[in-house]
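Topology and contacts: notes
Chain residues, written in single-letter form:
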Amino acid sequence: MKSLRKAVLPVAGLGTRFLPATKAMAKEMLPVVDKPLIQYAVEEARAAGIEQFCFVTGRGKVSLVEHFDVAFELEATLKERGKLDTLKQLEGASAIPGSIVSVRQQVPLGLGHAIWCARAFIGDDPFAIMLPDDLVLAETSWVKQLADAYTETGGNVVAVEEVPREHTNRYGILKVGKDDGRMAEVLGLVEKPKPEEAPSNLSIVGRYVLMPEVIAELARFEKGAGGEIQLTDGMARLIGRQPFHGLRCTGRRFDCGDKAGYLEAQLAFALSRPDMADKVRAFLPNYR
Ligand code: G1P
């Protein structure tokens, strides 16, 4: 069994829900406290031993690759001024040479199409997919939890969460087989079903470990929900041929593609940090 070494991060989305902030800025550069969403995702993957990244970008997303480049003038100036603590804060925003590549998704044809755009990077290897809008606060990286489940099951594993019935039309939804309360066998997958048609209320959230065979299924370019080439449909074609499980990861996920979710993430992350928690607790009562 091959170990997990690669992650694909689809980051071509326009970020329309955060306009005007995202008019000239990639939504994945939005900070939570002091770190952009893209860096949280990369650090989460690194905590699972991943060091090869492919960003699937589009126009106006160059800053995402630049974020992990050497900032020579900045680093030299900080060194000269003896600001070594500040310099240390830049560590996560660096990369081993050659470890981040990017491909362009020229036309927004769907998440499945974005992943297909990374096919040369993926090759014959298992790979993680991370949607940086989904931000995770957890003791153990979610990609690490999925990677362990992949080692255990030998196949595809997606992170899942129970959602209110009325929200099934926002997510990929599982048809569940054997379920021990932590890991559920996947019998079917439906993208954004109406509540009355949803096979369960167990939804896919933005972390996946998939086998490379999904690429051939995505290459059928079949349009699904919303007229888009859906990752969920490509994955559904692997069920029955390869192990496929949903894993309820431990920790919390914040939907930073949504304004309220993003604000909640700011608070939760600030409260989790020793340098911020007391200051936030001091002002919070003013807003009740
Ligand atoms: C995508 C996937 C969906 C998944 C969701 C998780 O939807 O298509 O299956 O449940 O991410 O965040 P999107 O949020 O891009 O509409």
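Residues numbered from 1 in each chain as written. Predicted model: local features only at pLDDT ≥ 70, side-chain atom pairs only at ≥ 80, totals over all residues. Heavy atoms only, no water.

Quantified by volume, the second largest pocket comes out at close to 290 Å³. Those elements that provide at least two residues to the lining of the second largest pocket are helix 1 (37-46) and strand 7 (134-137). Broken down by element, the lining of the second largest pocket gets its largest block of residues, 4 residues, from helix 1. Split into classes, the residues belonging to the lining of the second largest pocket amount to 8 nonpolar, 3 polar and 6 charged. (1 Å grid on protein atoms, 1.4 Å probe; cavity = no way out; pocket = protein on both sides within 12 Å on 5 of 7 lines; lining within 4 Å. Points joined across faces, edges and corners; volume = space filled by probe spheres on them. Helix = DSSP H or I, 4+ residues; strand = E, 2+ residues; numbered from the N terminus. Nonpolar A, V, L, I, M, F, W, Y, C, P; charged D, E, K, R; others polar.)

Within the structure, the ligand sits among 13 residues, and Asp134, Gly172, Glu191, Lys192 and Ile204 are positioned closest to it. Backbone polar atom of Gly172 to an oxygen atom of the ligand: 2.9 Å apart, as the coordinates give it. Compared with its free state, where it exposes 380 Å², the ligand has 73% of that area covered by protein. Each residue belonging to the shell around the ligand can be placed in one class, and the counts come to 6 nonpolar, 4 polar and 3 charged. (Near = heavy atom within 4 Å. Polar contact = N/O pair within 3.5 Å; in protein donor to acceptor, adjacent residues only side chain to side chain. Areas by Shrake-Rupley, 256 points an atom, 1.4 Å probe, with all protein chains shown as cover.)

This part takes up a nonpolar patch on the surface. A cluster of nonpolar side chains, Leu267, Phe283 and Tyr287, forms an exposed patch at the surface whose accessible area comes to about 330 Å². Within the secondary structure, Phe283 sits in helix 11 (residues 277-283). Here Phe283 falls in the partly exposed class, since its relative accessible area comes to 39%. (Patch = residues over 30% accessible without salt bridge, like charges linked within 9 Å, V, L, I, M, F, W, Y side chains within 5 Å. Salt bridge = Lys/Arg side-chain N within 4 Å of Asp/Glu carboxyl O. Buried < 20%, exposed > 50% of the residue type's maximum accessible area, 1.4 Å probe, protein only.)

Now for the pattern of salt bridges. Tallied over the entire structure, the rule returns 22 salt bridges. Arg46 is the partner of Glu51 in a salt bridge, and the nearest nitrogen-oxygen pair spans 3.2 Å. For Glu51, a relative accessible area of 28% puts it in the partly exposed group. Linked by salt bridges that have partners in common, Glu217, Arg220, Glu222, Arg237 and Arg241 make up one network.

For the rest of this paragraph, the subject is the pairing of strand 12 (residues 244-247). Burial along strand 12 is two-sided: Phe244 and Gly246 and His245 and Leu247, pointing in opposite directions, are all buried. Relative to strand 12, strand 8 (residues 156-162) is paired through 4 bridges, and the arrangement is parallel. Note that in strand 12 the partner of Ala159 across the bridge is Leu247. (Pairing = 2+ DSSP bridges.)

As for its position among the elements, Glu264 is in helix 10 (residues 259-271). Here the alpha-carbon distance between Glu264 and Val32, two residues 232 residues apart in the chain, equals 9.8 Å. The contact partners of Glu264, leaving out residues within four places of it in the chain, are Arg252 and Phe254. (Contact = heavy atoms within 4.5 Å.)

Let us look at the nonpolar core. If you look at the biggest cluster of nonpolar residues, it comprises 34 residues, and the most contacted ones within it are Leu9, Ile38, Ile50, Phe53 and Phe55. Looking at this core element by element, the count peaks at 6 residues for helix 7 (residues 142-153). Apart from the residues lying within four places of it in its own chain, the contact partners of Ile50 are Leu4, Arg5, Lys6, Ala7, Ala45, Ala128 and Val143. (Core = buried A, V, L, I, M, F, W, Y, C linked by side-chain atoms within 4.5 Å.)

The next thing to look at is the state of the cysteines. What the rule picks out here adds up to 0 disulfides. With no disulfide partner, Cys249 has as its closest neighbouring cysteine sulfur the one in Cys256, 17 Å distant. Judged by relative accessible area, which is 1%, Cys256 ranks as buried. (Disulfide = S-S within 2.5 Å.)

Attention shifts here to the pairing of strand 11 (residues 202-210). With 9 of 9 residues buried, strand 11 lies mostly within the body of the structure. With 4 bridges joining them, strand 6 (residues 127-130) and strand 11 adopt antiparallel strand pairing. Bridging across to strand 11, Met130 finds its partner in Arg207. Here strand 8 pairs with strand 11 via 5 bridges, running antiparallel. Across the sheet, Val158 pairs through a bridge with Tyr208, a residue of strand 11.

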